[in-house]
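Chain residues, written in single-letter form:
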Amino acid sequence: MDRLVSENLQGAWTPDHLKWRDLTPIQHAVMIDALESKPVPLVLVGYVPLVTAAFEASHAWLVGADDSAFWNSKWKYVPELSAVAGSLLALGLIDVYLGNDPLPRAQARLVLADSRNWWRFDPEDEVDPADTRQYPVDENPSAFPEYWIYATEAGRRLGE
Amino acid sequence: MSLWFNICNESRSCPDSLKLLLMTQGFAPSDNGLSIQGMVIGGGAYFFINTPTAGGGSDEGDSVVRDFADPESMVGATFEEVQSMIPEGWVEQPMSKGQGVPWGSPATRNQPVGAKGYVEFSEGAPGTDERIHQGGRYTRVSSGGTEYWASAHGNTEIRDGVSGVTMGKSNGPIYPDLSGPRIMPRGAGGSAGE
């Protein structure tokens, strides 16, 4: 997919050729959210990693048996989700909206790349795993901005 | 057949979970003019509401058991049924695009609306590659380690007799707010905003 993104950015490739089966499992999950329309943090909430035996073996140090259930444990998925959403944006398959207004592509890319638009450590969460204590508590947190992701027309035309 | 339910129902020591089990397995009386019109079990609060039904009698088709923690039980749910199951205090989020109604757990200082879970009743998302989305209305539940889509009332998947649930990538724990079966009158209508 990185190659496709790269080629698309060079204008050598169009999303019309892209099929659902070309998407990685994470891209598939984010694309479903875009078609359903979701606030950015809820893409993270709804993301449950595919835990295959191979993944579990290679990520055992990272992923507990069911720790993805808890908000404070979701931080570990932000980098890959952010990157994947950024790739779908670059492919022209999704847009980022603030309220009713679509953001320019460059601004949307910055929004998706900012981890604070996806997740913030919550000291009041029921679960406070030791590995999240490293995150500073935001003493004056602002509300999560209302960034939503939507599928573009190209995203809605993804072929079978 | 209803003897065991009656014994359980009149005994303080009989757990409500057993009452529910007996009820859903056909041990509840159905020939005495009563049918179960409402029941909520969850979060430690249990209550039954038994009311007489017009015509006196059959409970077949009158009630349905729904439980967000049991994806199969959500197949065929109407908008009204889903709406009535939303935990108290959850927030309805207006959508600027798309058709549906999402609800989420309330925001806290560092968590957005829906961080502990969200439920959405949608009119469909036909652009996806999954039949449930293409078939029309569905209920999506994401909470904790659980994520699934269940065909809602009117979804063509149900009419076609196909399994009406698409699971997410895991079937882990679900937050207690959403857990627990409800027996409710079989709802009418079905679309969001009807």
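Residues numbered from 1 in each chain as written. Chains lettered and ligands numbered in written order. Predicted model: local features only at pLDDT ≥ 70, side-chain atom pairs only at ≥ 80, totals over all residues.

Below, the discussion takes up the confidence of the model for chain A. Predicted coordinates in regions of low pLDDT should not be interpreted in detail. Residue and element names in this part refer to chain A. Of all residues in chain A, 65% have pLDDT values of 70 or greater, and the mean over the chain is 77. Confidence scores differ between elements of chain A, with helix H4 (residues 53-59) showing the lowest mean pLDDT of 49 and helix H6 (residues 105-113) the highest of 97. Below pLDDT 50 for its whole length, residues 59-66 participates in six contacts with residues either more than four positions away or in separate chains. (pLDDT = per-residue confidence, 0-100. Helix = DSSP H or I, 4+ residues; strand = E, 2+ residues; numbered from the N terminus. Contact = placed C-beta atoms within 7 Å.)

Another point: the confidence of the model for chain B. Per-residue confidence for chain B averages 69 on the pLDDT scale, and 58% of its residues sit at or above 70. The model gives residues 30-60 of chain B a pLDDT under 50, and that stretch makes 46 contacts with residues more than four places away or in other chains.

The next thing to look at is the sheet that holds strand E3 (residues 101-102) of chain A. All names here are of chain A. Read from one edge of the open sheet, four strands run E1-E4-E2-E3, paired in antiparallel fashion. In the strand order of this sheet, the two ends are held by strand E1 (38-39) and E3, each with one partner. Summarising the sheet, E1 and strand E4 (residues 147-151) pair through two bridges and their orientation is antiparallel. For Pro39, the partnering residue across the bridge sits in E4 and is Trp148. Packed on one face of the sheet, helix H2 (residues 25-36) meets E1, strand E2 (94-98) and E4 and runs near 95° to E4. (Pairing = 2+ DSSP bridges. Axes fitted to C-alpha atoms, helices over the stretch in contact; angles between N-to-C directions.)

It is worth spelling out H2 of chain A at this point. Residue and element names in this part refer to chain A. The terminal C-alpha atoms of H2, which comprises twelve residues, lie 17 Å apart, in line with the 16 Å expected from a rise of 1.5 Å per residue. Buried residues dominate H2, accounting for ten of its twelve residues. Looking only at H2, the buried set comprises Ile26, His28, Ala29, Val30, Met31, Ile32, Asp33, Ala34, Leu35 and Glu36. In the stretch just after H2, Ser37 is the one whose phi turns positive, near 75°. (Expected span 1.5 Å × (residues − 1). Buried ≥ 20, exposed ≤ 12 C-beta atoms within 10 Å, placed from the backbone.)

The next subject is the nonpolar core. Residues and elements named next belong to chain A. Counting 65 residues, the largest nonpolar core has Val30, Met31, Leu81, Ala85, Leu88, Ile94 and Ile149 as the members making the most contacts within it. Considering each element in turn, this core owes the most residues, seven residues, to H2. If sequence neighbours within four positions are ignored, Val30 has contacts with Val43, Leu81, Val84, Ala85 and Leu88. (Core = buried A, V, L, I, M, F, W, Y, C linked by C-beta atoms within 7 Å.)

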